[in-house]
Amino acid sequence: MNIQSVRGFKDWLPEDFIKYQYLINLARSILLTYNYKEIKIPILEKTELFVRSIGEFTDIVQKETYTFQDRNKEFVTLRPEATAGICRMIIEKGLFVNPKPLKFFTTGPMFRHERPQKGRLREFYQIDVELFGELNPYLEAETIYLAFEILKAPFNLKNYSEIYTLEINSLGCLKCRAEYKKELVKFLKENKDKLCHTCQERLEKNPLRVLDCKIKTCNDVIAKTPIITEYLCKECKIHFEKLKEIFNSIGIKYVENPRLVRGLDYYIRTIFEIKAKGLGAQDTVAAGGRYDYLLKELGGDYLPAIGFAIGVERWAISIFGDKKEKFLQELFPDIFLIVLEDELLIKGFQIAQFLRKYGLKCEINYEKKSLKAQLRNADKLLAKFVLILGEKEWKEKKALLKDMKKGVQEEIKFENLETLSYKIYNKIKNEL
RNA sequence: GAGGCCGUAGCUCAAUGGUAGAGCACCGGGCUGUGGCCCCGGGUGUUGCGGGUUCGAAUCCCGUCGGCCUCCCCA
């Protein structure tokens, strides 16, 4: 094993990737019913985009991005998230003049240079959902509801509330958050000597993040800090109360966590995280919030916005756990063709093409092997049916169709290869 | 970025500083027209990589790459 994959970048073998496909397809079908449109944005963006959107003093930008100079000496960055790129696209294409709301989603890899562990890769996949154009708590309720709809869709999870828990908070608007920040900094400065080293730095550059610190001594201080929700202005308060009211009336359980903050600077008012069981330390499976001013900060018009991202690998772990064989069946061939004479291989080739046109997953082996060896091969590939064509059959214009599970076989007479294929298709389509 | 555990055959794992092994898998045969079962035979290896100590290293030391866990951070 000479060359290993890059740290934190993983291979997806069929039995893994089929789960990814299943989840993505489910999410897509739900998003389409909410009238979200799928888009694709670049994986590489100018570094400045992320500095200006996520925030210069966030951990993501300061120490987690893959940033380098390209051959023209321009600084570029592998996207650590998708929101910034979508905002850039909206501004660059002038989409903010379009009828509102704008509803987009995208899926694909994100890149963060962190120490890998379970549920944390350096290349990881997100389903990113963004809505632009309205400032209404109903949209937040609907967006978070949508996140749950997606998360619980696999196998129609009925007990999803045992797996996923929702935490919400309001960070206030620009006005009241500034007010709060002042009070928070004042309080933290009085207790500066009790804070850890990084928190003392955060105090200067990004004081809200102190609330997210998990070091015990800091926790003691945090427990006594002023709470943002007590500083919300009238409008923000009404907004947040309305959201909770909607949750209560549609039966969405939530935990209000006044210490919940986010690692990206652009969030405002409502933010949320959905945590999942079985994930260990990296338990946030989906998170998002409102970011009304981001578009304006990036040079566009003022356009209220809300969005969230689902971490696909984490979602997969929360759904499948360590079970490995759930989807293997999808990978089995429907039918395996065994041709016993070299001269008949061309017939096998043609039958395979016909069967594939009928949508059957068809495998054929062109090597000269005994019937026994070929059957063993078909068995190992877990083929559901086997078609046997030998000299004897060809002369009598028939073929043998064997049901591998039942262990029985029957003769199928035919006039030409196309009618043979059609007969086979009709015989087995209901058994697959 | 910090700390800890780990890395041996395709997989799961043994081997107390002294000949690199087992089970499963795989390949061949018994068996040239019928899979799964059975029997016989085959070890398929740069012990992650690179140095060092030693008569001798999978084993001890250093470095490095990768995985897992915690911190951190987040999806």
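Rules of the game
- One numbering rule holds for all chains: residues counted from 1, following each sequence as written.
- Here chains are named by letter from A upward and ligands by number from 1 upward, in the order in which they appear as written.
- Predicted model: local features are reported for residues with pLDDT of at least 70 only, side-chain atom pairs are reported and counted for 80 or more only, and whole-chain, interface and lining totals are derived from all residues.
- Neither water nor hydrogens contribute to the side-chain values; these are computed over all heavy atoms in the structure.
- What we call a nonpolar core is a set of buried Ala, Val, Leu, Ile, Met, Phe, Trp, Tyr and Cys residues that are connected through their side-chain atoms within 4.5 Å.
- Exposure classes here rest on a 1.4 Å probe applied to the protein chains alone. A residue is buried below 20% of its type maximum, exposed above 50%, and partly exposed in between.
- Helix and strand definitions here come from DSSP, where helices need a minimum of 4 consecutive H or I residues and strands a minimum of 2 consecutive E residues; each element is numbered from the N-terminal end.
- Residues count as neighbours in contact if any of their non-hydrogen atoms are within 4.5 Å of one another.
- Should DSSP find at least two bridges between two strands, the strands are taken to pair.
- In this analysis, axes come from line fits to C-alpha atoms, helices being fitted only over the stretch in contact, and the angle between any two N-to-C directions falls in the range 0 to 180 degrees.
- Ring pairs shown here join Phe, Tyr and Trp side chains whose ring centres sit within 6.5 Å, with only the six-membered ring taken for Trp; geometry is labelled stacked below 30 degrees between planes, edge-to-face above 60, and tilted in between.
- Over a ring means this: the NZ of a Lys or the CZ of an Arg is within 6 Å of the ring centre and within 35 degrees of the ring normal.
- Boundary definitions for the domains trace back to an automatic or database domain assignment.
- When at least one non-hydrogen atom of a residue lies within 4 Å of a molecule or strand, that residue is treated as near it.
- Residues adjacent in sequence count toward polar contacts only when both atoms are side-chain atoms; beyond that, a polar contact is any pair of N or O atoms within 3.5 Å, and within protein one must be able to donate a hydrogen and the other to accept it.
- Under the scheme applied here, ten amino acids are nonpolar (Ala, Val, Leu, Ile, Met, Phe, Trp, Tyr, Cys and Pro), four are charged (Asp, Glu, Lys and Arg), and all others, including Gly, are polar.
- A carboxyl oxygen of Asp or Glu within 4 Å of a side-chain nitrogen of Lys or Arg is what we treat as a salt bridge.

Examining the nonpolar core
Ranked by internal contacts, the top residues of the largest apolar core, which has 101 residues, are Ile-90, Phe-132, Tyr-164, Ile-274 and Trp-315. The greatest single-element share of this core, amounting to 8 residues, is contributed by helix 5 (residues 137–152). Apart from the residues within four sequence positions on either side, Tyr-164 is in contact with Phe-148, Leu-151, Leu-157, Ile-274, Lys-275, Ala-276, Val-285, Trp-315, Ser-318 and Ile-319. Counting residues in hydrophobic clusters, the runner-up holds 22 residues, among them Val-339, Phe-385, Ile-424 and Ile-428.

Examining the pairing of strand 14 (residues 385–389)
On a regular strand, one side chain projects to one face of the sheet and the next to the other, so that they alternate. Burial analysis of strand 14 places 5 of its 5 residues in the buried class, the great majority of the element. Pairing of strand 12 (residues 335–339) with strand 14 involves 5 bridges; the strand directions are parallel. Across the sheet, Leu-337 pairs through a bridge with Leu-387, a residue of strand 14. With 4 bridges connecting them, strand 14 and strand 15 (residues 398–403) associate as antiparallel partners.

Let's talk about the environment of Ala-141
With respect to the helices and strands, the residue Ala-141 is situated in helix 5. In this structure Ala-141 comes out as buried when scored by relative accessible area, which is 3%. The sequence separation of Ala-141 and Lys-242 amounts to 101 residues, and the corresponding C-alpha distance is 9.5 Å. Setting aside anything within four residues of it in sequence, one finds Ala-141 in contact with Leu-243, Ile-246 and Phe-247.

Topic: the sheet that holds strand 14
Ordered by their spatial adjacency, 5 strands build an open sheet running 13-12-14-15-16, and the pairing between neighbours is mixed. At either margin of the open sheet sits one strand with a lone partner, and together these are strand 13 (362–364) and strand 16 (408–413). When the angles between neighbouring strand axes are averaged without regard to direction, this sheet yields 25°. Sheet analysis places strand 12 next to strand 13, joined by 3 bridges and oriented parallel. Bridge pairing links Ile-335 to Cys-362 in strand 13. On top of the sheet, helix 14 (residues 371–380) reaches strand 12 and strand 14; it is set at about 170° to strand 12, its chief contact. Where helix 16 (residues 417–428) meets the sheet, it contacts strand 12, strand 14, strand 15 and strand 16, and its direction lies at approximately 145° from that of strand 16.

Let's talk about the packing of aromatic side chains
With the rule as written, the count across this model stands at 21 aromatic pairs. A centroid spacing of 5.7 Å and a plane angle of 55° characterise the contact between Phe-148 and Tyr-160, whose relative ring orientation is tilted. Within this pair, whereas Phe-148 is found in helix 5, its partner Tyr-160 is found in helix 6 (residues 160–163), the two being separated by 12 residues in sequence. Taking relative accessible area as the criterion, Phe-148 reaches 6% and is therefore assigned buried. Aromatic rings pair up to connect Trp-12, Phe-17, Tyr-20 and Tyr-125 into one cluster. Here the basic side chain of Lys-10 rests over the ring of Trp-12, its NZ or CZ set 4.2 Å away from the ring centre. For Lys-397, the ring lying beneath its charged end belongs to Trp-394, and the centroid distance is 4.0 Å.

Structural notes on the domain arrangement of chain A
For chain A, the domain assignment lists domain 1 (14–173 + 233–320) and domain 2 (332–431). Computed over C-alpha atoms, the centres of domain 1 and domain 2 are 49 Å apart.

What to know about the sheet that holds strand 6 (residues 123–132)
Strand order in this open sheet of 8 strands is 1-5-6-11-10-9-7-8, and the pairing throughout is mixed. A single partner strand is all that each edge strand has here, and the edge strands are strand 1 (37–38) and strand 8 (255–256). Judged from the 10 bridges that link them, strand 5 (residues 102–111) and strand 6 form a sheet pairing that is antiparallel. Bridge pairing in strand 6 links Lys-103 to Leu-131. Lying over the sheet, helix 5 contacts strand 5, strand 6, strand 7 (164–170), strand 9 (268–276), strand 10 (284–290) and strand 11 (305–311), oriented at roughly 15° with respect to strand 11. Packing against the sheet, helix 12 (residues 312–320) makes contact with strand 6, strand 7, strand 9, strand 10 and strand 11, and its axis sits at approximately 105° to strand 6.

A short note on the environment of Lys-253
Here Lys-253 shows up in the loop between helix 10 (234–250) and strand 8. Lys-253 sits in the exposed class, given a relative accessible area of 65%. A sequence separation of 155 residues divides Lys-253 from Asn-98, and the C-alpha atoms of the two residues are 35 Å apart. The residues contacting Lys-253, other than those within four sequence positions of it, are Ser-161 and Leu-166.

A word on the protein's contact with RNA strand B
Taken together, 51 residues sit near RNA strand B, with Lys-118, Arg-202, Arg-209, Thr-284 and Glu-393 positioned nearest. Within 4 Å of the protein, the contacting atoms of RNA strand B are 54% sugar and phosphate, with bases supplying the remainder. The side chain of Arg-7 places a nitrogen or oxygen atom 2.8 Å from a phosphate oxygen of RNA strand B. Mapped by element, the contributors of at least two residues to the surface near RNA strand B are helix 3 (59–64), strand 6, strand 10, strand 11, helix 14, helix 15 (391–395) and strand 15. Counting residues per element, the surface near RNA strand B draws most heavily on helix 14, which supplies 6 residues. The residue inventory of the surface near RNA strand B, partitioned by class, reads 16 nonpolar, 13 polar and 22 charged.

Details of the pattern of salt bridges
Tallied over the full model, the rule gives 23 salt bridges. Measuring nitrogen to oxygen at the nearest pair gives 2.5 Å for the salt bridge that ties Arg-88 to Glu-45. Taken as a pair, Arg-88 in helix 4 (residues 83–92) and Glu-45 in strand 2 (residues 44–46) lie far apart in primary sequence, 43 residues in all. Among the residues examined, Glu-45 registers a relative accessible area of 6% and is labelled buried. In this structure, Glu-48 engages Arg-52 in a salt bridge whose closest nitrogen and oxygen atoms are separated by 3.4 Å. Of this pair, Glu-48 and Arg-52 both sit in helix 2 (residues 47–53), separated by 4 residues, roughly a single helical turn. Judged by its relative accessible area of 48%, Glu-48 falls in the partly exposed class.

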